[in-house]
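Each chain, letter by letter, is given below.
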Amino acid sequence: MVYYVGVVNSFDTSKGYGFISSAQIQGDVFLGTHDLPAELQQAVVHPGLFELGGRTVQFGVGSRDGKTHATDVALAPAEGLPTVGTVVSYNDQKGYGFIGVSGLEGGDVFFSKRDIPPHMHAFDGRSFA
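Keep in mind it's a predicted model, so treat the numbers as computed, not measured.

A. The environment of Gly 18, seen in detail. In this structure, Gly 18 sits in strand S2 (residues 17-21). Along the sequence, Gly 18 and Asp 28 sit 10 residues apart, while their C-alpha atoms lie 9.5 Å from each other. With residues up to four places along the chain from it excluded, the contact list for Gly 18 reads Ser 10, Phe 11, Val 29, Phe 30 and Leu 31.

What follows is the structure, encoded as structure tokens:
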């Protein structure tokens, strides 16, 4: 599969879709929530938690019902910008863990409880002790 790099130029969380623009493809590419990796699907349904608009992504292109849409979308991590991942392990006693990030090659990302903003210490029924 051929992959492209583009920027999410809009994403409406209430409608569940947006568009990606890429210099490699003529016109915008449709991006539905279901085309995102699981961790991004969870993040974008909570307005204000994570903004997808303006972020660089890598993606493939597929066709559904005769219309072009993005596939295998991966967020391109950028220094200083938040990213989204899934906590793969966390040790309450030591206060650290590891996050798996789909768009980041080379393994999991280490994090400490102090790296997590206080308002996120209890999220979606889970908490960092």
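B. Broad picture of unusual backbone geometry. A positive phi angle, near 55°, is found at Asp 65, a position not held by glycine. In this structure Asp 65 comes out as exposed when scored by relative accessible area, which is 75%. A positive phi is found at Asp 72, a non-glycine position, where the angle reads about 45°. Tracing the backbone through its elements, the reader meets Asp 72 in strand S5 (residues 67-75). Judged by its relative accessible area of 47%, Asp 72 falls in the partly exposed class.

C. Geometry of the sheet that holds strand S8 (residues 109-112). Reading across the sheet, the three strands line up as S6-S7-S8 and stay open at both edges, with antiparallel pairing between neighbours. Here the strands that pair on one side only, and so sit at the sheet edges, are strand S6 (86-91) and S8. Neighbour-to-neighbour, the strand axes of this sheet turn through a mean angle of 25°, independent of strand direction. Across five bridges, S6 lies against strand S7 (residues 96-100) in antiparallel orientation. Of the residues in S7, the one forming a bridge with Ser 89 is Phe 98.

D. Structural detail: the pairing of S2. Here S2 shows a clear split, with Gly 18 and Ile 20 buried on one side and none of Tyr 17, Phe 19 and Ser 21 buried on the other. With five bridges connecting them, strand S1 (residues 4-12) and S2 associate as antiparallel partners. Residue pairing across strands places Asp 12 opposite Tyr 17, the latter belonging to S2. Once S1 ends, the chain turns through four residues before running back antiparallel as S2, passing Gly 16 with a positive phi of about 80°. Note that S2 and strand S3 (residues 29-32) share four bridges and pair antiparallel. Each bridged residue has a counterpart across the sheet, and for Ile 20 the counterpart in S3 is Val 29.

Calculation notes
Counting restarts for each chain, with residues numbered from 1 along the sequence as it is written. Per-residue local features of the predicted model are confined to residues with pLDDT of at least 70, and side-chain atom pairs are confined, for both listing and counting, to 80 or more; whole-chain, interface and lining totals are unaffected and use all residues. Here the side-chain values reflect all heavy atoms present in the structure, with hydrogen atoms and water set aside. In DSSP terms, a helix is any run of H or I states spanning at least four residues, a strand is any run of E spanning at least two, and both are numbered starting from the N terminus. Note on contacts: a residue pair qualifies if any of its non-hydrogen atoms lie within 4.5 Å across the two residues. Partly exposed describes any residue whose relative accessible area lies between the buried limit of under 20% and the exposed limit of over 50%, with all areas from a 1.4 Å probe on protein chains only and scaled to the type maximum. Any two strands with at least two DSSP-identified bridges between them are counted as paired. Axes, fitted as lines to C-alpha atoms, cover a helix only where it is in contact. Angles between the N-to-C directions of the axes lie from 0 to 180 degrees.

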